Each structure stands twice: as C-alpha cells, then as structure tokens.
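# A look at the structure
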Amino acid sequence: MSVMFACRCVERLGQDVAFLIHVALCGMRLRVTGGGEQLERDLEKFIQCCGLTGLISKPASPTAQLPGDSERPRQVPADTETETSNVVSLHVEDNTYSFSIKDCSKFCHKWADTLVKSGGGDPVHIRQLLENLKLKTIQHMNLLKRLIRRVETDHYALYRCYIFLMGTNNSNILLHNLKLEEQFVTLSEAKDVVCILEDFMHEVKSQ
C-alpha cells in the first residue's frame with residue numbers, strides 16, 4: 001500500500017498534525033468539510049495508520065451515522081464511537097483549515113514535531129515513526145495498567161501512577177483508552193483508581 005498519504009498529511013498540516021494524532025489515538029471520528037476527496041482519503045489512511053484499532057480491546061458498538069449538512073461531509077473513522085462528543089471537525093477552505101479542537105497533549109505535539117522535522121521526504125520513514133508512536137502509547141498503557149493493579153496492595157502505587165502519567169505528557173489519552181478497554185475496566189478497583197487519577201489530573205491542570 002502506498003504510504004505517500006502520510007507525507008501529504010504532514011506537509012499540509014505541519015505542526016497541526018498533532019490534532020490528527022490526537023483524534024487517532026483517542027479513537028475519535030474526524031468529519032471533514034472541504035479540501036477535496038484526495039485530502040479526505042489521506043486523512044482517513046493517516047488515522048487508520050496511527051490509531052489503536054485492534055491493539056486494545058473495546059466493547060463492540062454499532063456504527064452511528066452523523067447528521068449531514070448540505071455539503072454531506074465525509075466521515076473519517078478511527079475506532080468508531082457513537083457519541084457526537086467524540087467527533088472532531090476539520091474545515092478546509094483554500095489553503096486554510098481549522099480543527100474544532102484547540103488543545104491536545106504534549107505527547108501529540110512532540111510526535112508532530114518529530115514528523116515535521118523528518119522533512120516528509122521519506123514516506124517509509126514517516127510510516128515507521130507512526131508505528132513507533134503507537135508502540136510507545138501501548139507501552140505506556142501496559143505499564144499504567146500494571147501500576148493500577150498494584151494500588152490495592154501497595155499504598156504508594158497510586159502516587160507512582162500519578163508520577164508516571166505526568167511523565168508521559170499524555171495522561172488524557174491514556175486514561176481515555178483505559179476506560180474503554182473492556183477486560184480491564186470490568187475490575188471495580190481499577191475503575192475507581194482511573195476515576196481518582198482523572199479527577200486529580202484535572203485538578204492539577206486547572207491550577
């Protein structure tokens with residue numbers, strides 16, 4: 001399969017490819033208006049390439065159709081979510097574009113910077129970078145799960161979870177995916193720990 005789509009996305013979005021990484025890693029859906037079919041196909045392939053579909057177990061859910069408008073924007077799926085709140089819009093007009101989200105993690109910005117600095121000339125290298133960021137995310141999730149499982153018997157494990165999350169610069173995405181991982185969240189203790197961590201991280205960021 002051609003990997004030139006990755007080069008075109010990085011070239012078109014630059015540092016803002018961080019938002020595309022955020023969409024993919026969160027399993028969100030991207031709704032595109034304008035930009036043409038080629039861009040839409042490139043964005044879809046990019047999201048599928050660096051998304052976590054098949055790497056984490058999520059409960060099955062029916063595919064939802066988003067309400068259309070006169071332009072009938074194409075829906076670009078990563079992991080399908082039915083909630084409208086999990087849809088990010090990208091509006092493209094001529095050489096300008098805007099995402100409906102304005103913030104994403106430092107982790108996404110770091111990888112976007114790496115992609116941009118790669119120069120975009122080697123599509124195979126960019127594809128490998130996307131695989132590397134997926135691997136790093138999965139490694140972080142697995143380590144976080146191990147730490148959370150220790151909380152019940154280790155009084156310092158909750159603090160270690162917090163320190164670890166701060167170090168990843170990616171707490172929102174990690175906790176978001178952890179809440180959706182079917183086999184893990186069936187453990188009531190784990191669900192409680194995830195909620196505590198979410199509340200604590202939110203308080204820290206709001207200060």
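For the structure itself, look to the data block above.
For Thr137, the position within the fold is in helix α5 (residues 123–150). With a relative accessible area of 0%, Thr137 lands in the buried category. Those residues in contact with Thr137, other than ones at most four positions away along the chain, are Leu25, Leu52, Phe107 and Leu174.

Attention shifts here to the pairing of strand β3 (residues 87–93). Of the strand pairs in this sheet, strand β1 (residues 29–33) and β3 are connected by 5 bridges, and their pairing is parallel. Paired with Arg29 across the two strands is Val87, which belongs to β3. Here β3 runs beside strand β4 (residues 96–99); their pairing, made up of 4 bridges, is antiparallel. When the sheet's bridge partners are listed, Glu93 is paired in β4 with Thr96. In sequence, β3 turns back onto β4 through a hairpin of 2 residues, with Asp94 there showing a positive phi of about 55°.

How each quantity is defined
Along each chain, residues carry numbers from 1 onward, in the same order as the chain's sequence is written. Local features in a predicted model are, by the rule used here, given only for residues with pLDDT of at least 70; side-chain atom pairs are given and counted only at 80 or more, and totals for whole chains, interfaces and linings are based on all residues. Note that water and hydrogens are dropped before the side-chain values are worked out from all heavy atoms of the structure. The helix count covers DSSP runs of H or I at least four residues long, the strand count covers runs of E at least two residues long, and both are numbered beginning at the N terminus. Burial here depends on accessible area, computed with a 1.4 Å probe over protein chains only, as a share of the maximum for the residue type. Under 20% is buried, over 50% is exposed, and the range in between is partly exposed. Should any heavy atoms of two residues lie within 4.5 Å, those residues are counted as being in contact. Two strands qualify as a pair provided DSSP detects at least 2 bridges between them.

No statement about biological role is implied by the geometric values presented.
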